[in-house]
Amino acid sequence: MKRYNPSDIEQKWQDKWEQDGTYEVDLTDSTKPKYVGFSMLPGITGAGIHIGHGRTFQFSDIKVRAKRQQGFNAYHPIGWDSFGLPVENYAIKIGKKPREAHDEALINFKKQLKRLGYSYDWSKETSTADPSYYRWTQWIFSQLYKHNLAYQKESPQWWCETDQTVLANEQVEAGKCWRCGNPVTKKNLKQWFFKITEYADEMLEATDDLDWTDMVKTMQKNWIGKSQGAEIDFTVENRDERITVFSTRPDTLFGATFLVLAPEHPLVMSLTNDETKETVEAYVEQAARQSEIERMNDTREKTGVFTGSHAINPTTGEKIPIWVADYVLAGYGTGAIMAVPAHDERDGAFAEKFKLPIVEVIEKPNHETARYDGEGILINSGAFDGMPTSEAREEIVAWLEQQSSGRTKTTYKMRDWLISRQRYWGAPIPIIHCDEHGAVAVPDDQLPVILPEVEDFKPKGGATSVLASVEDWVNTTCPTCGKPAKRETDTLDGYACSSWYFLRYIDPFNDTEAWSPDVAKHWQPVDFYNGADHAVAHLLYSRFWMRFFYKQGWVPDPEPFKRMMYNAYIMAPDGRKMSKSLGNVIDPMEIMDSGYGADSLRVYEMFIAPYDMDAPWDTRGVPGTYRFLNRVWTLAQEYIEGNEIEIDQKGVSEILAVAHKTNKKVTEDIEHDKFNTAVSSMMEAVNSYYKLKETYGIGKSEAWTVAIESLLQILAPFAPHITEELWHEVGHEQTIHVDAWPAWDEKYLVSDTMTIVVQVNGKLRATLRMPKDATKEEVETAVLAHANVTLVMGDKKPTKVIYVPGRLVNIVI
RNA sequence: GCGCGGAUGGCGGAAUUGGUAGACGCGAGGGACUUAAAAUCCCUUGUCCAAAAGACGUGCGGGUUCGAUUCCCGCUCUGCGCACCA
């Protein structure tokens, strides 16, 4: 008998698949239903992938492989996230140019992915740093610009001193840069933005209907952060200015005893007088200097200064002081608040510290002693006294509207997406600045704006990228008037490049359009998408672009990903998250090359835990799945080499029952992303077959043919090499990986007996086999006669007998 | 602080969503084969008790129910996300 040796078969089949184009998809073929699935675009930032990434990529591989076998025109595309900060930083680290560093790293990535046997269509490989790709990224930028969804604005922005670039809100994590982990500060710069807030409400509402992992949906919703409230105008004493604040609690307006402006608020300096000017100036300056981390580490002790001016509370007509404090954020609402110290914890802390008046306007429930921010009945609120807060919210706003000093308002936490980067390695923003015509989009026929080669690409600091010093590139002419003009020197955020790649995947060679809307109509949306990261930024950005494309009629659906599975991490043996920076990664090559091969690793990756649970890596698990595959191998060999045999009716039905049950279970488990139990049920099936072959023998017979062939088919997505090998050995010419999936027939799953669980007072006392058609009376009689039952019951009479048909009898005494 | 998860043997994890807790795998122990080892095959393996019978067992404390890992109330620990968002 031939022995199972992965190295004899894996390379052989990989070569054969490549040669035959087994996984290549004809994108114009509509004779079969389509299925497209893939995992998030891998970023090329280091030596290669570790087993955690491998698991992520494999989820989509299994899904697509199963569909391909089930008769779909199934497409598993692959591409590279090649532009952006991570690649550039990696290049700096290893002392090479980004393109060179990237291309070298890519060699190993591809080697790993190919060795793992993923069913990618390599003929359609895509890279975001390829001019034939970023030409269209730039084109999309121009389209957004034309539709007023891209704009330039000067405002304080997150700045990473280490990476020498601005960052989008989504790329600042707890006050630190997402790449280098160093604290960020704010810098006032003129920057390019995408108006993602335009679709905030639409995206928020669409979120609930997505078939996505709930946690990600929640994170998206929180990030969009919708709150409904009102804008309220406060007049400033002895001045013409008005200060507008945003509040979700207009019902507490009578309790507003002071106003607070963010240090960055434009009116701050004009509200000062000779006495306060210096103090306020110093405070504002100090706030600007502080990084977000420092602000947060202040143990939240409130700081602030009085401006010297007063505003008028529109309800009470009272004079209330205007303060400046950094607990008010410039970027949210109007950058100014009305402080209601009695009913807001932060305002209360501030008022206590600076001895500002506190007026209660909501009656506290009896048990509340602390500051109360809940609902209740209004007090000290003039005509609104006695009104419940929910009603007062509307009534007070209505009253303000009458006075034209307020209006209802919805605010979002999400800010517009800042997309300029002062870095070299990215798609140049396709804009030309002309003295006469301002920012002019580079005409479509002049795209791509090629990123010029430079000797030293490293950031030089300041507010521009190194492109600013490439004079013959920067100096150009205005597309509108032909006069000398200068190119925009910022590059696009790498996240922009990866916000539409799924559309390029379905039309990768199109050189007249980014993609064909007709092709999109067939192939969009993506059926399956997964990843272990980017729960907010990438997904939000992609949804924003997609919504824009949808409004232009370029795609059939406003959502890019029908199904998004957010999978968990593999933890390193040291209990920490596996990561290159911690030096605890495990390279899949090591495991495969130590003799176990790709299939054993693949099966273990799926078997280790449910997809959404972090799983600690245990290297001893791979020999376990190797043993399983070895048992499959042996079983198949015994079948192939066995003689023709006769099996009696009982044996046939037992063998077929296992086969059909397992076919059903594995098919359903894959559909529901329960890959771990799919594997275990195949293990169970093999264990059963081992017992059955002891009893009935194994060899050529109809039942064994069904058992062996269907086992190979359902195992194929998990272990594509061994199953292909055996599939041919049992006599098939065609590959197992296309159009080969077993059906199941429920008639083989029903047994003619049932197992009745016998309980007395809810405690298990016995199990009983009964014919399937036994009546309630027959079952109960048999149960009451059972020795274990009579023993426990003694001479007591049952007060109640509960019968769950076909399942259980519980006797209550 | 707020939001969303999780907690089951020595370990990773199953359990038809209220009906036999611990499937499957790892580890451990025993046996077969072998001169021997590896590989392979078979058996045992939640805890207590010498064993049987039995009792106890799904983070903790209550509750609902004939019956709770599953539902409800109150906690503890832990992972993740957001973090002064008015």
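I will try to describe carefully the structure that is included in this document. (Residues numbered from 1 in each chain as written. Chains lettered and ligands numbered in written order. Predicted model: local features only at pLDDT ≥ 70, side-chain atom pairs only at ≥ 80, totals over all residues. Heavy atoms only, no water.)

### A few points about the overall build of chain A
Then comes step 1: When helices and strands are counted, chain A shows 24 helices and 32 strands.
Then comes step 2: In terms of principal-axis extent, the alpha carbons of chain A reach across some 105 × 85 × 50 Å.
Then comes step 3: For chain A, the exposed surface amounts to about 35400 Å²; the carbon and sulfur share of it is 49%.
Then comes step 4: Of the side-chain charges in chain A, 90 are positive and 119 negative, and the distance between the mean point of each set is 3 Å. (Helix = DSSP H or I, 4+ residues; strand = E, 2+ residues; numbered from the N terminus. Areas by Shrake-Rupley, 256 points an atom, 1.4 Å probe, with all protein chains shown as cover. Lys, Arg positive; Asp, Glu negative; His and termini not counted. Charge placed at Lys NZ, Arg CZ, Asp CG, Glu CD.)

### Description of the protein's contact with RNA strand B
Then comes step 1: As a matter of local geometry, RNA strand B sits amid 54 residues, with Thr-248, Lys-302, Tyr-332, Arg-346 and Asn-810 nearest to it.
Then comes step 2: Sugar and phosphate atoms constitute 60% of the interface atoms of RNA strand B, taking the interface as everything within 4 Å of the protein.
Then comes step 3: Contact distances for RNA strand B include 3.4 Å between a base nitrogen and a side-chain N or O atom of Arg-415.
Then comes step 4: Between Ile-608 and RNA strand B, the recorded distance is 2.7 Å, taken from a backbone N or O atom to a sugar or linking oxygen.
Then comes step 5: A per-element tally of the surface near RNA strand B places helix H20 (residues 675–696) first, with 7 residues.
Then comes step 6: Considered class by class, the residues forming the surface near RNA strand B number 19 nonpolar, 14 polar and 21 charged. (Near = heavy atom within 4 Å. Polar contact = N/O pair within 3.5 Å; in protein donor to acceptor, adjacent residues only side chain to side chain. Nonpolar A, V, L, I, M, F, W, Y, C, P; charged D, E, K, R; others polar.)

### Observations concerning the pairing of strand E9 (residues 185–194)
Then comes step 1: Summarising the sheet, strand E5 (residues 150–160) and E9 pair through 10 bridges and their orientation is antiparallel. In the strand pairing of E9, Ala-150 is matched with Phe-194. (Pairing = 2+ DSSP bridges.)

### Overview of the nonpolar core
What tends to happen in soluble globular proteins is that the nonpolar side chains get buried as a cluster.
Then comes step 1: With 130 residues, the main nonpolar core has Phe-194, Trp-417, Trp-500, Trp-515, Trp-545, Phe-549 and Trp-617 as its most contacted residues.
Then comes step 2: Among the elements that take part in this core, helix H16 (residues 537–552) stands out by supplying 9 residues, more than any other.
Then comes step 3: With near-sequence residues (within four places) excluded, Trp-500 lies in contact with Tyr-133, Trp-136, Thr-137, Ile-140, Ala-514, Trp-515, Trp-545 and Phe-549.
Then comes step 4: The next biggest cluster of nonpolar side chains, apart from the first, holds 61 residues, and it includes Tyr-4, Met-606, Leu-712 and Ala-719. (Core = buried A, V, L, I, M, F, W, Y, C linked by side-chain atoms within 4.5 Å. Buried < 20%, exposed > 50% of the residue type's maximum accessible area, 1.4 Å probe, protein only. Contact = heavy atoms within 4.5 Å.)

### Considering H20
Then comes step 1: With 22 residues, H20 should reach 32 Å at 1.5 Å per residue; the first-to-last C-alpha distance of 31 Å fits that figure.
Then comes step 2: The first or second residue beyond H20 is Gly-697, which carries a positive phi of 80°. (Expected span 1.5 Å × (residues − 1).)

### Side note on the sheet that holds strand E31 (residues 800–804)
Then comes step 1: Reading across from one edge, E30-E29-E32-E31 is the order of the 4 strands in this open sheet, with mixed pairing throughout. Of all the strands in the sheet, just strand E30 (763–771) and E31 have a single pairing partner and so form its edges. Strand-to-strand, the axes of this sheet are offset by a mean angle of 20°, without reference to chain direction.
Then comes step 2: The pairing of strand E29 (residues 753–760) with strand E32 (residues 808–812) spans 4 bridges and is parallel. What sits directly across from Gln-759, in E32, is Asn-810.
Then comes step 3: Where helix H23 (residues 776–785) meets the sheet, its contacts fall on E29, E30, E31 and E32, and the angle it forms with E30 comes to roughly 130°. (Axes fitted to C-alpha atoms, helices over the stretch in contact; angles between N-to-C directions.)

### Brief notes about the sheet that holds E9
Then comes step 1: Ordered by their spatial adjacency, 4 strands build an open sheet running E6-E5-E9-E18, and the pairing between neighbours is antiparallel. The open sheet is flanked by strand E6 (165–166) and strand E18 (417–418), the only strands paired with a single partner.
Then comes step 2: Here E5 runs beside E6; their pairing, made up of 2 bridges, is antiparallel. Pairing of Cys-160 across the sheet is with Thr-165, part of E6.

### Examining the packing of helix H2 (residues 51–69) against helix H17 (residues 588–607)
Then comes step 1: Their axes nearest at 10 Å, the elements H2 and H17 cross at an angle of 50°. Relative to H17, the element H2 is oriented oblique. The interaxial crossing formed by H2 with H17 has right-handed handedness. Note on element contacts: H17 touches H2 through Pro-588, Ile-591, Leu-601, Arg-602, Glu-605 and Met-606, opposite Ile-51, Gly-54, Arg-55, Gln-58, Phe-59, Asp-61, Ile-62 and Arg-65.
Then comes step 2: Residues that form the contact of H2 with H17 fall into these classes: 7 nonpolar, 2 polar and 5 charged. (Parallel < 35°, antiparallel > 145°, perpendicular 65-115°, else oblique. Left-handed = near helix turned anticlockwise from the far one by under 90°.)

### Quick word on the packing of aromatic side chains
We describe a pair of aromatic rings using the distance from one ring centre to the other and the angle between the two ring planes.
Then comes step 1: Within this structure, the stated rule accounts for 56 aromatic pairs.
Then comes step 2: Where Tyr-75 meets Trp-523, the ring centres are 5.8 Å apart and the plane angle is 75°; that geometry is what we call edge-to-face. Within this pair, whereas Tyr-75 is found in strand E2 (residues 73–75), its partner Trp-523 is found in helix H15 (residues 517–523), the two being separated by 448 residues in sequence. Just as Tyr-75 is buried, Trp-523 falls in that class too.
Then comes step 3: Note on Phe-246 and Tyr-332: the rings are 6.2 Å apart at their centroids and 85° apart in plane angle, and the pair reads as edge-to-face. Of this pair, Phe-246 sits in strand E12 (residues 242–247) while Tyr-332 sits in the loop between strand E15 (319–324) and strand E16 (336–339); the two residues are 86 residues apart in sequence, bridging distant segments of the chain.
Then comes step 4: Stacked on the ring of Trp-17, the Lys or Arg Arg-65 has its end atom at 5.7 Å from the ring centre.
Then comes step 5: Above the plane of the ring of Trp-122 lies Lys-114, whose end atom (NZ or CZ) is 4.6 Å from the centre. (Phe/Tyr/Trp six-rings, centres within 6.5 Å; stacked < 30°, edge-to-face > 60°. Lys NZ or Arg CZ within 6 Å of the ring centre and 35° of its normal.)

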